[in-house]
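Per-entry structural report
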Amino acid sequence: MIRKIIKIKEEKCNGCGACAAACHEGAIEIIDGKAKLTREDYCDGLGDCLPSCPMDAITFEEREAPAYNEAAVLAAKAQKEGSGETLACGCPGTQSKVIQREDPDCGASFAPVKSQLSQWPVQIRLVPVQAPYFDGANLLIAADCTAYAYGNFHDAFIRDHITLIGCPKLDEGDDTNKLSEIFTMNAIESVTVVRMEVPCCGGIEHAVKRALQKSGKMIPWRVVTISCDGKVLQQVP
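Parameters and conventions
Residues numbered from 1 in each chain as written. Predicted model: local features only at pLDDT ≥ 70, side-chain atom pairs only at ≥ 80, totals over all residues. Heavy atoms only, no water. pLDDT = per-residue confidence, 0-100. Helix = DSSP H or I, 4+ residues; strand = E, 2+ residues; numbered from the N terminus. Contact = heavy atoms within 4.5 Å. Disulfide = S-S within 2.5 Å. Axes fitted to C-alpha atoms, helices over the stretch in contact; angles between N-to-C directions. Parallel < 35°, antiparallel > 145°, perpendicular 65-115°, else oblique. Left-handed = near helix turned anticlockwise from the far one by under 90°.

1. Quick look at the confidence of the model for the protein chain
Across the protein chain, the average pLDDT comes to 87, with 87% of residues at or above 70. In the model of the protein chain, strand β5 (residues 97-98) stands out as the element of lowest mean pLDDT, 68, in contrast to strand β7 (residues 138-143), which has the highest, 98. Contacts of residues 86-90 to residues separated by more than four positions or lying in other chains number 14 contacts, the stretch itself having pLDDT below 50.

This is the structure:
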């Protein structure tokens, strides 16, 4: 049958695995460092993987392809859940998890400081658009340099928040669509943006503002600006 299905441009793919993590049907795998559509009958043609790709390597096309097999997808999901497999991308580092802490020392020989991170992954490009930890979450979206500049970052910002990080200067592409999906598909309670004082860091603030507007939701938000020497310069609103 002729139907809409995704097309992956392998020459543009960097093998990050974000598309495989975003594909709820498990149609995409990372093989030899490249994303491949390994099960055409698992692809529903809705394109959850498109906004997750930082390289714009995924598009739609209409061509001859087997029909979407929902029954097979559900059976494969049930089998994976039962076996405890990692994600289809084959990278355990992208697998979502909730972090529960018991021993703050963690075997460290230096003075222990308890981490406040409560979920994984944290990189905007790797985090799924839906996860249980997003339900009712106070979301922290931080430029990655802020955690190095501000000494009390964990207690001041990460505590009681779900954390996403990114760099608007070094990360290719725009995170607006990904963030908008997260806002739209989850019950986010609030959003805190933490950025550096440098002008290029405004990109992460603008992406969040555009994403909030695009989602159409009235989510309370604030922006905190950190100086390069580790001071809080401004909080808006």
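Back to the write-up after that little detour.
2. A closer look at the state of the cysteines
Tallied over the entire structure, the rule returns zero disulfides. We note that Cys43 lacks a disulfide partner, and the nearest cysteine sulfur, in Cys49, lies 6.6 Å from it.

3. Considering the packing of helix α5 (residues 176-185) against helix α6 (residues 202-215)
Where α5 contacts α6, the two axes come as close as 8 Å, and the packing angle between them is 45°. Taken together, the axes of α5 and α6 lie oblique to each other. Every pair of crossing elements has a handedness; the one defined by α5 and α6 is right-handed. Residues Thr176, Asn177, Leu179, Ser180, Phe183 and Thr184 of α5 touch α6, and the partners they reach there are Ala207, Val208, Arg210, Ala211, Leu212, Lys214 and Ser215.

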